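Here are the chains, one letter per residue:
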Amino acid sequence: MTTTSSSKTRLVDKWVSSFDLNSRRKFTIQDENGEPIEDLYFKPLTRSDRLRVMEALGTDDGYKMSTAFLCQTAELEDGTKPFALADLPKLQRELPEKELARVEAFLFEVEADSLDEAKND
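Engineer: Can you help me understand the overall build of the chain in this one?
Structural biologist: Helix and strand content of the chain: six helices and two strands. Each helix and strand of the chain, ordered N terminal to C terminal, gives the series α-β-β-α-α-α-α-α. Within the chain, the proportion of its 121 residues that are buried is 24%. Here the chain displays about 8,700 Å² of accessible surface, and carbon together with sulfur accounts for 50% of that area.

Engineer: I would appreciate a short explanation of the pattern of salt bridges in the present structure.
Structural biologist: Close approach of charged atoms lets side chains of opposite charge pair. Under the criterion given, the structure shown has eight salt bridges. Overlapping salt bridges, with partners in common, bring together R24, K43, E75 and K81 in one network.

Engineer: Please explain the pairing of strand β2 (residues 36–42) as it appears in this structure.
Structural biologist: In the case of a regular strand, side chains alternate between the two sheet surfaces. Bridge count between strand β1 (residues 25–30) and β2: six bridges; the pairing is antiparallel. By the bridge assignment, Q30 is partnered in β2 with P36. Linkage of β1 to β2, two consecutive antiparallel strands, is achieved through a turn of five residues, within which G34 is found at a positive phi near 85°.

What counts and how
Residues numbered from 1 in each chain as written. Predicted model: local features only at pLDDT ≥ 70, side-chain atom pairs only at ≥ 80, totals over all residues. Heavy atoms only, no water. Helix = DSSP H or I, 4+ residues; strand = E, 2+ residues; numbered from the N terminus. Buried < 20%, exposed > 50% of the residue type's maximum accessible area, 1.4 Å probe, protein only. Areas by Shrake-Rupley, 256 points an atom, 1.4 Å probe, with all protein chains shown as cover. Salt bridge = Lys/Arg side-chain N within 4 Å of Asp/Glu carboxyl O. Pairing = 2+ DSSP bridges.

Shown next, in the form of structure tokens:
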């Protein structure tokens, strides 16, 4: 029996279905002494997420965008959002750069040093 092209699964459908966009990775936020404060959870980022953040900010500035991604994609264990986009200035102004870069590197699944390079591209 031959398979007609209409019954074949399209590559786009195979590719898209091979990823679980509902899976989450856990990141533990710590205080300055290394004590756990809260666990954040992140689903895989999509290009649609990037476009939504760029549209909301009206800029493609890497530093603003990476913190906006944090604000818009971080979840608590129960799925609620711990941050609002309005928290972006406070996070950038009142956290050490090292700490913000650590969680953003985890979010983007890159080494912290690579994140600075990506922000400058």
